Amino acid sequence: MSNIEYTAKDFKSDQYVRWCPGCGDHAVVNTLQKAMAEVGVAPHETVVISGIGCSSRLPYYMNTYGFHTIHGRASAIATGVKVANPALTVWQVTGDGDCLAIGGNHFIHAVRRNIDLNIMLLNNKIYGLTKGQYSPTSDKGAVTKSSPYGTVEEPFIPAELVFGARGNFFARAIDVDLATTKDIMVAAAKHKGASVVEILQNCVIFNDNIHKYVTDKEVRADRTIVLKQGEKMIFGKNRDKGLVLDGMQLKVVTIGENGVTLDDILTHDATTPDMFMHMRLALMDGHSLPLALGVIRSVEAPTYDQEVAEQIESVKARKKERTLREYLLSGDIWEVK
Amino acid sequence: MAEKTKIKELEKVVVRFSGDSGDGMQLAGNIFSNLSASIGNEISTFPDYPAEIRAPQGTLSGVSGFQVHIGKGVYTPGDKADVLVAMNPAALKTNVKFCKPNAVIITDEDSFTKSDLEKAAFTTDNPFEELNITGMQIVPVPITTMVKASLSDSGLDNKAVVRCKNMFALGLVCWLFNRPIEHAAHLLKNKFAKKPAIYEANLKVMNDGYNYGHNIHATVSAYRIETMPTQKGFYTDINGNKATALGLIAASEKSGLPLFLGSYPITPATDILHELAARKELGVKVVQAEDEIAGVCTAIGASFAGHLAATSTSGPGLALKSEAIGLAVMAELPLVVIDVQRGGPSTGLPTKTEQTDLLQALYGRNGECPAVVVAASTPTNCFDMAFSAAKIALEHMTPVILLTDGFIANGSSAWRIPELETYPEIKPNYVTEDMKEGWRPYKRNAETSVRYWALPGMDGFMHRLGGLEKDNVTSAISTDPVNHQKMVDLRQAKVDYISNCIPELKVLGDEDADLLVVGWGGTYGHLYSAVEEMNRNGKKVAMAHFNYINPLPKNTEEILRKYKKVVVCELNKGQFASFLRSKMHGLDVLQYNKVQAQPFMVNELVDHFTKLMEEK
Ligand SMILES: Cc1ncc(C[n+]2csc(CCOP(=O)(O)OP(=O)(O)O)c2C)c(N)n1
Ligand code: SF4
Ligand SMILES: [Mg+2]
């Protein structure tokens, strides 16, 4: 990291931004530029890799090294970049289709390997670029251009996939809450290993208001909870609601009612390796339980890129051959004189 | 006694070791070929593994073979064997068809019991008669009995004792061919470095086999094989896959760029992955990816980040990589894609060889998507072609597909360990400091059309690449029709220009021949042997063999039009022939094609060419 202070402008490219007016992606790119400035890694040491989709256009708007690749493969390409040069800070920007349909395999393996990538998953529950087909995160019954009678398939919950792939970092953000989103992006960047940030993003054209039931200003405070490390799990307009554990289930209680005090409320610990609570929190959907935002899980673990490099160093320490010729001469050979 | 031995003088000879998978025939064959190479024979070997991983012992499907061709002027593992070692009836049955009519067959007579014969599906108690073997010289040797007797005091258990049978056979063959057994001892010592007791037992049995040969000299003839004066230096025995892997390492050393391999296991390409994964002392980074797409994509990522990046696979994997190779074409990034061809289509014949992926390599992508295609012709040539593929990729900012095949990938021959100083420099087209002002990623060298390479981490050269078409000046996304045409033409021109940087096509054999034999890739040895044999018999035949396919060497047309009769020989239905016709209007070439997932036979080629020459 350099000593130079960066501003969001340093990360902004000169390209004209082509998303639809009102698209949630605008907020994401602006927030990402702010987050990068705060992280403080120089633009030339920052790489943004994407697949294909509206959201995957994002690298063009960044004044960093960038690669807009092919549909679904960003995780694999980003893996190659990071393994080749672990000194780079590598971000991946991907959509719900790009990441979880065509790219599902690469995504879970990147998470499983714990490669040090910051994966921004822009979830608008629709295929934007191809003009409105349902995606693997579309709710069951979603009526879209390719499901005129509603889908008959269950969606993925991205967090579940991340935990199923034994991921160590998962956070959730909403496009309209810039401040929280920025903090989450910074936390993702600072975390060593695969950091997945699901950003609920609005597609004004093909899936408008799909996240409204949680993002709407009127209801947001009551239907979401922003989790913070070491802090009580409280939420609500009046900050008087909290989460407690009732058997194996989470339950909402009101502080001051039925003898409930602040002490009874759960404290968030994103750093515990045990996934039980993280899973319970991530599965809250904003209906009977508030949708969890913020860093839900952030556990330290060795990263793949680091271990690849360390293994090479440890073999080098044991073996003395440094050139092809030295290696060959150490094998089964004969000499013709 | 030794004086009585009849000694046959031969230019070259083919020996085939065969037995049950557990009999150690690969090791015996390997030591024998190394030994022969070390005393100045040329060698070419080919392993013939059973398709099943663990077939039941003694059965036909469990037979493992190893063919060695030694002598002077050796370019293939040989069509048919002069000597066959058959450790059991199953081996005899499956291998007798690979023998010359007057071959010597050495058997372990102890493993020809009734139950052994039944396992090999013989219906009578005379397998030789049943197989209609006449004219061959059968040498039954009680190998198991003698090995057991020899090692009765060794303290090894019965299983370990019986495992030494292969060394008895090896010793016997060494006597037959007058090989110095000391070097074999040295090879054995390396092999069993950590197991001195096993080494001792193997050595003892090998000597027993050798001495046994002495004592039965009256019944078989021994051979003296011609040796070749060879260039001074250190030699090793190497197969095509290993040579491919090492060629990439050589290019990494020469270019100063670290080597990265992204790969997914697939027969017969996996040994490239194995070799590179083991070369951590040389700094090679390997990602065993979740599939072939991720294999090529991790490589593209590593290339973007400034590594020499490669991905290795076989035909089905190449199909999966198509879209990503297109991305590398569009992003103009260096990338080496190795396709070790096998029998297709679909899963096809995974362990067998073919040349059926040529058109896939040339054209198997969406859009006008030119990639460089090169091919290796022999196991050791894989080293040079992998080096060359990497050099072209790095210097011309393009994907290069290197085609090898199962035959040369698994076949081996002796290889002189090269001095890398004699290999050309590799100089990627990097950006320079003075280009910073107004730099754009698709700015290119006017002559070569190669764009300049800036690596992430370089200050002042931040840029965005991608699969979308870019403006040829600003490098911004563009759908302008005229610009697209221009970019399509530029990408093609860049690949075409490479014809200035590759060797010209050479004509081998009789310069003013009546027939020109044309081939590409792994058929070199068979074609060359056939042409050489015909030249020796006064036939006016020449040969032109291609290592560089796209672009073609500059003098290709001139040469192909010079000969009255041209026959393009390939292990497919005529893919290269049709490619040549598409490049040279009205070119009149004949075809000789075989798609049996097997290499050519020298004999069939000679017969066919002779017939062609007789036709008016
Ligand atoms: C191989 C391939 N298949 C299909 C497409 C078409 N395609 C482009 S983007 C896309 C889906 C994008 O959805 P998502 O990832 O959710 O991104 P969004 O546009 O919603 O941001 C599809 C199907 C493609 N470009 N490449
Ligand atoms: S289609 Fe939807 S996701 Fe795409 S740019 Fe427009 S609003 Fe955004
Ligand atoms: Mg989407």
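As a starting point, this report considers the structure included with it. These numbers were taken from a predicted model, which means no experiment stands behind them. (Residues numbered from 1 in each chain as written. Chains lettered and ligands numbered in written order. Predicted model: local features only at pLDDT ≥ 70, side-chain atom pairs only at ≥ 80, totals over all residues. Heavy atoms only, no water.)

**Quick look at helix H2 (residues 74–84) of chain A**
- Across the 11 residues of H2(A), 11 count as buried, placing the element largely inside the fold.
- Among all positions of H2(A), only Ala74(A), Ser75(A), Ala76(A), Ile77(A), Ala78(A), Thr79(A), Gly80(A), Val81(A), Lys82(A), Val83(A) and Ala84(A) are buried. (Buried < 20%, exposed > 50% of the residue type's maximum accessible area, 1.4 Å probe, protein only. Helix = DSSP H or I, 4+ residues; strand = E, 2+ residues; numbered from the N terminus.)

**Structural notes on the sheet that holds strand S3 (residues 42–48) of chain B**
- What the 9 strands build is an open sheet, ordered S12(A)-S9(B)-S16(B)-S3(B)-S4(B)-S2(B)-S5(B)-S6(B)-S7(B); its pairing is mixed. Each edge of the open sheet carries a strand with a single partner, namely strand S12 (334–336) of chain A together with strand S7 (137–141) of chain B. Mean inter-strand twist for the sheet, computed between neighbouring axes without regard to direction, equals 25°.
- Alignment of S3(B) against strand S4 (residues 63–71) of chain B, held across 7 bridges, turns out to be antiparallel. Within S4(B), the position partnered with Ile43(B) by the bridge is Ile70(B).
- Here helix H1 (residues 25–38) of chain B sits on the sheet and contacts S12 of chain A together with strand S2 (12–20), S3, S4, strand S9 (233–239) and strand S16 (412–416) of chain B; the angle it forms with S4(B), its principal contact strand, is near 5°. (Pairing = 2+ DSSP bridges. Axes fitted to C-alpha atoms, helices over the stretch in contact; angles between N-to-C directions. Contact = heavy atoms within 4.5 Å.)

**Side note on the packing of aromatic side chains**
- Per the stated rule, a full pass over the model turns up 22 aromatic pairs over all chains.
- Between Tyr75(B) and Tyr528(B), the aromatic rings sit 4.6 Å apart at their centres with planes inclined by 85°, giving edge-to-face as the arrangement. Taken together, the residues Tyr75(B) in the loop between S4 and strand S5 (81–86) and Tyr528(B) in helix H18 (residues 524–536) connect sequence positions 453 residues apart.
- The structure contains a cluster of three or more aromatic residues connected by ring pairs, namely Tyr363(B), Trp520(B), Phe546(B), Phe576(B) and Phe579(B).
- Its guanidinium or amino end placed over the ring of Tyr304(A), Arg113(A) lies 5.8 Å from that ring's centre, counting from NZ or CZ.
- If you follow Arg451(B) out to its NZ or CZ, it ends over the ring of Tyr442(B), 5.7 Å from the centre. (Phe/Tyr/Trp six-rings, centres within 6.5 Å; stacked < 30°, edge-to-face > 60°. Lys NZ or Arg CZ within 6 Å of the ring centre and 35° of its normal.)

**Considering the site of ligand 1**
- Neighbouring ligand 1 are 17 residues; Cys54(A), Ser55(A), Asp96(A), Gly97(A) and Asp98(A) lie closest to it.
- Among the chains of the assembly, those with residues near ligand 1 are chains A and B.
- The side chain of Asp96(A) places a nitrogen or oxygen atom 2.8 Å from an oxygen atom of ligand 1.
- Residue Ile126(A) places a main-chain N or O atom 3.0 Å away from an oxygen atom belonging to ligand 1.
- Surface burial for ligand 1 is 77%, taken as the share of its 590 Å² of free accessible area covered by protein chains.
- At 4 residues, the largest contribution of residues to the shell around ligand 1 is made by helix H3 (residues 96–102) of chain A.
- Along the lines of polarity and charge, the residues of the shell around ligand 1 split into 6 nonpolar, 8 polar and 3 charged. (Near = heavy atom within 4 Å. Polar contact = N/O pair within 3.5 Å; in protein donor to acceptor, adjacent residues only side chain to side chain. Areas by Shrake-Rupley, 256 points an atom, 1.4 Å probe, with all protein chains shown as cover. Nonpolar A, V, L, I, M, F, W, Y, C, P; charged D, E, K, R; others polar.)

**Details of the interface of chain B and chain A**
- In this assembly, 74 residues from chain B lie in contact with 56 residues from chain A.
- For the pairing of chain B and chain A, the buried interface totals around 5400 Å² over both sides, and the portion due to carbon and sulfur atoms is 64%.
- In terms of surface lost to chain A, no three residues of chain B exceed Glu281(B), Glu290(B) and Arg464(B), which account for 14% of the buried area on that side.
- In this assembly, chain B and chain A are joined by 3 salt bridges. (Buried area = accessible area lost by both parts, 1.4 Å probe. Salt bridge = Lys/Arg side-chain N within 4 Å of Asp/Glu carboxyl O.)

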